[in-house]
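Analysis of the macromolecular model
For reference, the chains in residue letters:
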Amino acid sequence: MASSVNTQKDYKRFWAAFVPNMSKLRQLLFIVLSLLVLPNIALAQDDDDKPTALIFTAQGQAFNEVVAGITGDLEEELSFETYMVGKSSKVSEIEEQMKKLKPKVVILVENVSINLYTKYQKKNPDAEFPPAIALAALFVDRYLAKLKNATGIRYEIPAVTSIVNMRGLLSKEVKKVGVVHRKWTAGMVAENARYCAREGIELISYELPNKDSSMDKKLTKGLKTLIDKDVDALWILNDNSLLNPQMFRSSWLPVVGKADLPVIVGVRPFLNTKWNFGSFAIVPDHYALGVQAASIIGELMDDDWEIGDRDIEQPVSVKKVVNISVLDSKDVKYRKDKLSQMDEVVQ
C-alpha cells in the first residue's frame, strides 16, 4: 500500500505545479479525467505490489477444495498463481514457473508436486528457496526431510484417533488392532503403537521388506498371521506400494474381504461398498486443510517469510465416515444411536 500512497502524493505535486498554468476549462477537464483514471492506476499498482504465492497442484476435486481453502481468505493480500502438474510433468516446468513468478511462498499440493519441487531444489543446490508448505500428500514427514526451507501438514490421521472413534461406534470391544507395513514405516508404526497403548489398545504389526519380487505373497501371509492372532480390527496404512490394483486383487480383497473384521482405511475411496473392504475412516476435511495452510501463510507473512523451526502440523479438521453396508455384510455389530456422530454414513 505504501507505494500507491506515494504515487498519489506525486500526482498531487504534479497537479499543484501544472494545473495553475492551464485555462479554467482545461483545468476542469484534466481534474475530472484524473479522478476517473488515477484510482485505477493506484489499484493496479496495489495488485502489482502483492506478494506472489505459487501453488503447484495435481488435478482432482479434493485438491481443488484444498486450493479453494488456501486462496479464500488471502486473495486481498496475495497474488495467487496455480500451476497444474501430473505424472508427465518435468522439473523444467517448476523451474520456469519459479523464475517467471519469483514467489514469496510455494504451496505443494499432493505428492507429485512435492516430488517435482524436491527435484527442482536438488537441481539448483546453490539457490535461495522461498518458504514452501506441503499438504494433501501421503507421508509428508518423509518428503520434507529432503526439502530446504519447508514445512507442511500431515494427511494421515493417528491410528489411536481412528481406533478410539471406531471403538465408540462398535458394540464389540476393540483391544487388539493389526497393521501390515513395510520396513521404512517401522518408526511411524512404533510411535502409533505408543499412543494406542495409552488408550488400552495393542497395535500388533507385521513388517514387510521395502522391496520384494513376491510382495503379494508376503502381504497375504502377513494379513493371515494378524487375523490368526485374533485382532479385533485392521488398520490400513496409505502405502501406494501395498495398495496398488494388483495387490488389491491378489491379497487385500481375498483375505480382508472375507474376514469378519472392521477395517480402518485412510482415504475415502476405500470405503466404496462394492469392494466390501473398508468400514471406517477419519480423513482430513480438504477445504479446511487449505484454510489451515492459509493460516500458516499468514503467519509467515507476519514473520517476514521466515519458517524458522516450525513443526509439521496435524490436520485440525477431519471427517468421520462409516460404511454400515460393509459392517452388516461382515456381521460386525454397531450402535445405531451413535451413527449421528458420524459426518457421513455409507449404506
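Placed above this text is the structure.
The notes below deal with the structure included here. (Residues numbered from 1 in each chain as written. Predicted model: local features only at pLDDT ≥ 70, side-chain atom pairs only at ≥ 80, totals over all residues. Heavy atoms only, no water.)

Here the focus is the overall build of the protein. Helix and strand content of the protein: twelve helices and twelve strands. In the protein, which comprises 347 residues, the proportion classed as buried is 47%. Partitioning the contacts of the protein with sequence separation of at least 6, the portion at a separation of at least 24 is 73%. Roughly 18,100 Å² of accessible area belongs to the protein as shown, and the carbon and sulfur atoms make up 51% of that amount. (Helix = DSSP H or I, 4+ residues; strand = E, 2+ residues; numbered from the N terminus. Buried < 20%, exposed > 50% of the residue type's maximum accessible area, 1.4 Å probe, protein only. Contact = heavy atoms within 4.5 Å. Areas by Shrake-Rupley, 256 points an atom, 1.4 Å probe, with all protein chains shown as cover.)

This paragraph deals with the side chain of D285. Here D285 lies in the loop between β10 (280-284) and α11 (286-302). The buried charged residue D285 lacks any salt bridge, with K319 as its nearest oppositely charged partner at 4.3 Å. When residues no more than four places from it in sequence are discounted, the contact partners of D285 are S317, V318 and K319. (Lys, Arg positive; Asp, Glu negative; His and termini not counted. Salt bridge = Lys/Arg side-chain N within 4 Å of Asp/Glu carboxyl O.)

A few words on the packing of aromatic side chains. Under the defined criterion, the tally for this structure stands at ten aromatic pairs. Centroid distance F248 to F277: 5.0 Å. Interplanar angle 65°. Geometry classified as edge-to-face. A residue pair is termed long-range when its members are at least 10 positions apart, and F248 in helix α10 (residues 245-256) and F277 in the loop between β9 (263-265) and β10 qualify at 29 residues. Between W252 and F277 the ring centres are 5.9 Å apart and the planes differ by 80°, which places this aromatic pair in the edge-to-face class. With W252 in helix α10 and F277 in the loop between β9 and β10, the pair connects residues that are 25 residues apart, well separated along the chain. Per residue, the accessibility class of W252 equals that of F277, and both read buried. An aromatic cluster of at least three residues, connected via ring pairs, comprises F248, W252, F270, W275 and F277. A cation sits over an aromatic face here: R142 above W184, 3.9 Å from the ring centre. (Phe/Tyr/Trp six-rings, centres within 6.5 Å; stacked < 30°, edge-to-face > 60°. Lys NZ or Arg CZ within 6 Å of the ring centre and 35° of its normal.)

Attention shifts here to the side chain of S279. Position of S279 relative to the elements: it lies in the loop between β9 and β10. A polar side-chain atom of S279 sits 2.7 Å from the main-chain amide nitrogen of V263. Setting aside anything within four residues of it in sequence, one finds S279 in contact with P262, V263, L271, V321, V322, N323, V326 and L327. (Polar contact = N/O pair within 3.5 Å; in protein donor to acceptor, adjacent residues only side chain to side chain.)

For helix α9 (residues 215-228), built from 14 residues, the straight-helix expectation of 20 Å at 1.5 Å per residue is met to within 8% by its first-to-last C-alpha distance of 20 Å. Along its buried surface, α9 packs onto β6 (176-182), β7 (202-208), β8 (233-235) and α10. Just downstream of α9, D230 is the residue with a positive phi angle, here 60°. (Expected span 1.5 Å × (residues − 1).)

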